[in-house]
Amino acid sequence: MSAVPIETRGLGKQYGRMQAVADVTMTVPEGSICGIVGTNGAGKSTFLNMLLGITRPTTGSAQVLGVDVRDSSGKWRQRLGYVTDQDWFFRQFTVGEMVEYGRRTWKHWDSARCQHLLDSFELAKTQVVRSLSKGMRVQLAFVTALSLRPELFILDEPTSGLDAVVKRQVLQLIVQEAAAGVTTLIATHHLSELERIADRVAFFHKGRVILQSTTEDAKREIRRIQTVFPQGMPDEIRQAPGVLRIEQSGSVYGVIVEHDPEHILALCRRHDPVYLEEMDVDFEELFIHIMHKEGYAREQIILD
Amino acid sequence: MNRSFWTRGLLYKEWRQQRIVLLFIVLAVFFQPILGSIAGEILNMMRQFESVQPYPALPALGEWARAVLLFYGSNQLSFLPVGATLFWGVFMMDSERRGQNLEALLAGPVSRRSVISTKWGLGIATILLLNLPGAIVLSVEALGAPGTHAIWALGWATRWYFVQTGLECLTFSVGLIVGIGVGTYALAIGYAIVAVWLPYLIVSTIAATIQLAPHVYTSSQGMEMSFYNSALPQALQQLQTILNPYTYMGHAYYSVVSLSPDEVPLSFSLVFPVCLVLAIALFWGAFELFGRLSVESWRKMFTMRGFKLALLLLVGATLAWIVGFVAMGRAENAIVMNNYLLHQHPSLIVTKVWTVFVIGFIVFLAVEWLLWMGIRRLVRRRARSTAIA
């Protein structure tokens, strides 16, 4: 296996006049779980399709498992597992026939593992794919992708349509595989799930990567200071530079601050807080903040 | 074998996906010559019975066979496998598109080209194999049972096999290459039919136009001569016969039954190699097309607008062709039946026919356009009212 499972340089895709993906340079180290998040139409799926070799890049280059994605032989995808929420299975096949197709297609197909996964997901080989629910099809996609013993796992909205119990099962599987050295690239809108499993994250907006780092570093972009003041929130803190927003829940204030929170913490301490704590923001907060900075904001819709 | 060209998984998938369609192809391909030969046999028997001794049940059966099997059977059935292979080629790619399977396929360890080559290989192999029983049946009949009269020569059965197989390989390849680029099943079939019929229609139209043009000249003897002495319309007519799918489809079997080898034109002997070369060329086109373009690009290759234009051209050319032939028939009748008129006023008839043809073509195009616009407006209005509701 190559040292770097995914490496792109200036990767771009243009459809007519529309630039779907522009100048993406990214490196995903082995064994990491890298999240791809972004607004709707940000180019996440196009980016993944380019990495899979389904869509041809118009600019730049990409190496996946050490092979150029323009390599048309497709052999390099022997160790690549792909799961998407899109309805793409051979609908008239039974689950058993899907498994047989997998067994004949992938050289490293692990039949025992496949059977174990089918049993775990309670999928019967006699079931016809078109009769499966969306969630069950996603489970079948996971069975296929994991049975080929992948070195790289590319997931596009993998938990869409799954119930909470199966979702947890699936997330555990991803973490388990990562621990065994499988690199995972996961595009999703479910930020709370990503937060639980990802160690790296890339934010996409309008086809560009606007931030990529480890999740720890990304969370340092903004911080939350939880505090309680006996006399209420002092104006000095409200007007301090770097304060993005202040939320109130009873007597507890949440101060969202940009980058370094030390000067705000020092300011708080001067006003003798009853309680003061610096916390991580969740991914959703981080996402909204980053997209807001990019000018992507929506007003609240008020209905009559 | 090169794994980028074939994969076991793809062959399995194709077999699994196509097996129901294959059943229909078997019905179409396998039974056509058998039914046709049964019809021939029954007719033959009927003739023998009629000449030797009357048999009360058979003439009625023979009449039925004559009506159903020969005229509506063997002749028309020969269209069936050729049409079926065309649709099969279209269906092979269209089923992938409708099932949204292409992403799944291409995300696996297969090349784009192997997807096409597996489909093409499976299709051609099936066609070659499925026509064999028919050829065997015809050969057995050609050899004849002991003491009976063989109704056709062995070479004719071989000719049938190659003509039929070549045509089916070609139409299958046309279907496959059209199926790659076209967005919907109906659109693909439309394009495929255009691809098969358009060359013939264009040549027919040109031939009819030249034949019907008011080309009247004075010969060296001072006689007023018509275009029928010209070599160009004759050459065009030959080309028109060669390009006519019906010449092969309708006569692929019919020639075996009724024509002697001397009567079979040279073009029949060339059908198999020509069709095979064209089929391979089309396959190569499909191979390269699918290999080079991304999924999105080839999906957008054939648009609805392009199809409308092609359809307009096809229908217009068809109608003009019908008008031309009807007019030409009338002209020929007029020439044969009314020699007097021809010799007296040949330019009068030809000019009349020519005018009918040109005006007919323009009127048909205008009517088509109006119909098309009307249907579109109706569809839009209905869509709007549905949206409002």
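Up top is the structure these notes are about.
To start, this report covers the structure provided alongside it. Because the structure is a prediction, the values reported are computed rather than measured.

1. What about the overall build of chain A?
Alright, step 1. Scanning chain A for helices and strands turns up 10 helices and 14 strands.
Alright, step 2. Counting all 304 residues of chain A, 53% fall into the buried class.
Alright, step 3. Residue pairs at least 24 apart in sequence account for 70% of intrachain contacts in chain A once pairs closer than 6 positions are excluded.
Alright, step 4. Approximately 13,900 Å² of chain A is accessible, and the part contributed by carbon and sulfur atoms is 46%.

2. Some words on the interface of chain B and chain A
Alright, step 1. On the chain A side, the residues contacting the 29 residues of chain B number 26 residues.
Alright, step 2. Both sides of the chain B and chain A interface together cover about 2,700 Å² of buried area, and 54% of this is carbon and sulfur.
Alright, step 3. On the chain B side of the interface with chain A, the three residues burying the most area are Tyr-12, Arg-16 and Pro-109 of chain B, jointly 23% of the side's total.
Alright, step 4. Where Arg-16 of chain B meets Glu-97 of chain A, a salt bridge forms, and the shortest distance between an N and an O atom there is 2.5 Å.

3. Concerning unusual backbone geometry
All names here are of chain A.
Alright, step 1. A positive phi angle, close to 55°, is found at Glu-122, a residue other than glycine.
Alright, step 2. On the secondary structure map, Glu-122 appears in the loop between helix H3 (111–120) and helix H4 (134–147).
Alright, step 3. Even without glycine at this site, Lys-206 takes up a positive phi of about 50°.
Alright, step 4. In this fold, Lys-206 is placed in the loop between strand E9 (200–205) and strand E10 (208–214).

4. So, the side chain of Lys-13 of chain B
Alright, step 1. Tracing the backbone through its elements, the reader meets Lys-13 of chain B in helix H1 (residues 8–52).
Alright, step 2. Setting aside chain neighbours within four positions, we find Lys-13 of chain B in contact with Phe-90, Phe-93 and Tyr-101 of chain A together with Glu-96, Leu-105 and Lys-119 of chain B.

5. A closer look at the sheet that holds strand E12 (residues 243–249) of chain A
Residues and elements named next belong to chain A.
Alright, step 1. If you trace the 4 strands from one edge of the open sheet to the other, you get E12-E13-E11-E14, paired in antiparallel fashion. Only two strands of the sheet have a single neighbouring strand rather than two, namely E12 and strand E14 (275–280). Ignoring which end each strand starts from, the neighbouring axes of this sheet average 20° apart.
Alright, step 2. Of the strand pairs in this sheet, E12 and strand E13 (residues 252–258) are connected by 6 bridges, and their pairing is antiparallel. Bridge assignment links Glu-247 to a residue of E13, and that residue is Gly-254.
Alright, step 3. Against the sheet, helix H9 (residues 262–270) touches strand E11 (222–228), E12, E13 and E14, its axis set at about 165° to E14.

6. Brief notes about the environment of Gly-250 of chain A
Alright, step 1. With respect to the helices and strands, the residue Gly-250 of chain A is situated in the loop between E12 and E13.
Alright, step 2. Along the sequence, Gly-250 of chain A and Val-228 of chain A sit 22 residues apart, while their C-alpha atoms lie 9.5 Å from each other.

7. Observations concerning the packing of aromatic side chains
The geometry of two aromatic rings is summed up by the distance between their centres and the angle between their planes.
Residue and element names in this part refer to chain A.
Alright, step 1. Counted by the stated rule, this structure contains 8 aromatic pairs over all chains.
Alright, step 2. Here Tyr-101 and Trp-106 contribute two aromatic rings whose centre-to-centre distance is 6.3 Å and whose plane-to-plane angle is 80°, an arrangement assigned as edge-to-face.
Alright, step 3. The exposure class of Tyr-101 is buried, given its relative accessible area of 4%.
Alright, step 4. An aromatic cluster of three or more residues is present, and its members are Phe-90, Phe-93, Tyr-101, Trp-106 and Trp-109.
Alright, step 5. Above the plane of the ring of Trp-76 lies Arg-77, whose end atom (NZ or CZ) is 5.0 Å from the centre.

8. What about helix H5 (residues 164–179) of chain A?
Given 3.6 residues per turn, any residue in an α-helix points the same way as the ones three and four places further on.
All names here are of chain A.
Alright, step 1. Helix length check: H5, at 16 residues, gives a terminal C-alpha distance of 23 Å against a target of 22 Å (1.5 Å per residue), a fit within 8%.
Alright, step 2. Those residues of H5 not exposed but buried are Val-166, Lys-167, Val-170, Leu-171, Leu-173, Ile-174, Glu-177 and Ala-178. End-on view of H5: buried residues confined to an arc of 155°, all on one side of the axis. Along H5, exposed side chains directed more than 90 degrees from the buried face belong to Ala-164, Val-165, Arg-168, Gln-176 and Ala-179.
Alright, step 3. The N-cap of H5, judged by a side-chain oxygen 3.0 Å from the amide nitrogen of Val-165 a few residues on, is Asp-163.

9. Some points on the nonpolar core
Residues and elements named next belong to chain A.
Alright, step 1. In this structure, Phe-47, Phe-142, Ile-174 and Leu-185 are the most contacted members of the largest nonpolar core, which totals 114 residues.
Alright, step 2. Ignoring anything within four residues of it in the chain, the contact list for Leu-185 reads Ile-6, Val-28, Cys-34, Ile-36, Phe-47, Leu-48, Leu-51, Phe-153, Ile-154 and Leu-155.
Alright, step 3. Core analysis: the next-biggest nonpolar cluster, separate from the first, contains 13 residues, Phe-229, Met-233, Val-243 and Val-257 among them.

Cut-offs and rules
- Residues numbered from 1 in each chain as written.
- Chains lettered and ligands numbered in written order.
- Predicted model: local features only at pLDDT ≥ 70, side-chain atom pairs only at ≥ 80, totals over all residues.
- Heavy atoms only, no water.
- Helix = DSSP H or I, 4+ residues; strand = E, 2+ residues; numbered from the N terminus.
- Buried < 20%, exposed > 50% of the residue type's maximum accessible area, 1.4 Å probe, protein only.
- Contact = heavy atoms within 4.5 Å.
- Areas by Shrake-Rupley, 256 points an atom, 1.4 Å probe, with all protein chains shown as cover.
- Buried area = accessible area lost by both parts, 1.4 Å probe.
- Salt bridge = Lys/Arg side-chain N within 4 Å of Asp/Glu carboxyl O.
- Pairing = 2+ DSSP bridges.
- Axes fitted to C-alpha atoms, helices over the stretch in contact; angles between N-to-C directions.
- Phe/Tyr/Trp six-rings, centres within 6.5 Å; stacked < 30°, edge-to-face > 60°.
- Lys NZ or Arg CZ within 6 Å of the ring centre and 35° of its normal.
- Expected span 1.5 Å × (residues − 1).
- Arc of directions from axis to C-beta.
- Polar contact = N/O pair within 3.5 Å; in protein donor to acceptor, adjacent residues only side chain to side chain.
- Core = buried A, V, L, I, M, F, W, Y, C linked by side-chain atoms within 4.5 Å.

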